[in-house]
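Observations on the model geometry
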Amino acid sequence: MVVHGGRRVALVAAAALTATLTLASPAAAHAEVEADRPQALAENVTLTFVSEAESASAGFSELRVVLPEGLAPADVTLGEAPKGWKLKATADGYTVGGPALKAGVDAEHKIKVRQLPDEKELAFKTVETYSDGEVSRWIELPTGGKEPEQPAPVLKLEAAAPGARPVSPSASASPSSRATPTQSATSGAAAPTASAEATDADASPAAEDSAADDDGISSGVLVAVIVVVLLALGGGAWWLVRRRAASSER
């Protein structure tokens, strides 16, 4: 009787321990990221993201990824994704989505980045949206040595190769590459474009001297014409006076 009682107590304790561990552990589904070359300052690196399905009634329709510091949306291009899915850049990363996947199907997509930053690890906060509107956020980072319940995908990087250097920023990310007018924050008036400012600034002293010479020549010609006209009028008047004097003498 004592043996059976002790065995029953042990089973109950084991069941309680299992339940406690289950409640304390993170959710079964999660998001992951891998790289074909996980090395700081590596160029043209392909990153693979996998989001595990956790809904039994709906499939993934969109994933939103926040890029870590050092990666710009302009440096990201889509490699592979579920059929019909497209990538759209956002202010802090990108979204990739399209026709909803079947329930229980994991979402996998690949992107190519221009260059990885010089860091030891990169966190890619990910927000998953299902076709029924349910949202799962894998955005938490470890704090105080405690593992989060919904951790963001983290990519650990090896040290940069000897001689590796950061490449220049993408041309598309440079504000100077945009030639459209901007609005003034105070007056609302359109500011001049860079090309217009360059045109005004390129007016050389030689061109100004040429314009001044042209004005001088035009003024000189005008004065000469006036003098000729006055002389002609004076000569005509003198001839007319002489003719009248000669007529009176007769």
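I will try to describe carefully the structure that is included in this document.

**Some remarks on the packing of aromatic side chains**
One pass over the structure, following the stated rule, counts two aromatic pairs. With centroids separated by 5.3 Å and ring planes inclined at 80 degrees, the aromatic side chains of Phe-49 and Phe-124 adopt a geometry described as edge-to-face. With a gap of 75 residues between them, Phe-49 in strand 2 (residues 43–51) and Phe-124 in the loop between strand 8 (121–123) and strand 9 (125–130) connect regions that are remote in the sequence. Comparing Phe-49 with Phe-124 shows no difference in burial state: the two are buried.

**Overview of the pattern of salt bridges**
Opposite charge on two side chains makes pairing possible when the charged atoms of those side chains draw close. Under the defined criterion, the tally for this structure stands at two salt bridges. Notably, a salt bridge pairs Asp-92 with Arg-64, separated by 3.1 Å at the nearest N-O pair. Placement of Asp-92 in the loop between strand 5 (86–89) and strand 6 (93–97) and of Arg-64 in strand 3 (residues 60–66) is noted, with a sequence separation of 28 residues between them. With a shortest N-O distance of 3.0 Å, Lys-156 and Glu-121 are connected by a salt bridge. Of this pair, Lys-156 sits in strand 11 (residues 154–156) while Glu-121 sits in strand 8, and the two are 35 residues apart along the sequence. Taking relative accessible area as the criterion, Lys-156 reaches 60% and is therefore assigned exposed.

The rules behind the values
- Residues numbered from 1 in each chain as written.
- Predicted model: local features only at pLDDT ≥ 70, side-chain atom pairs only at ≥ 80, totals over all residues.
- Heavy atoms only, no water.
- Phe/Tyr/Trp six-rings, centres within 6.5 Å; stacked < 30°, edge-to-face > 60°.
- Helix = DSSP H or I, 4+ residues; strand = E, 2+ residues; numbered from the N terminus.
- Buried < 20%, exposed > 50% of the residue type's maximum accessible area, 1.4 Å probe, protein only.
- Salt bridge = Lys/Arg side-chain N within 4 Å of Asp/Glu carboxyl O.

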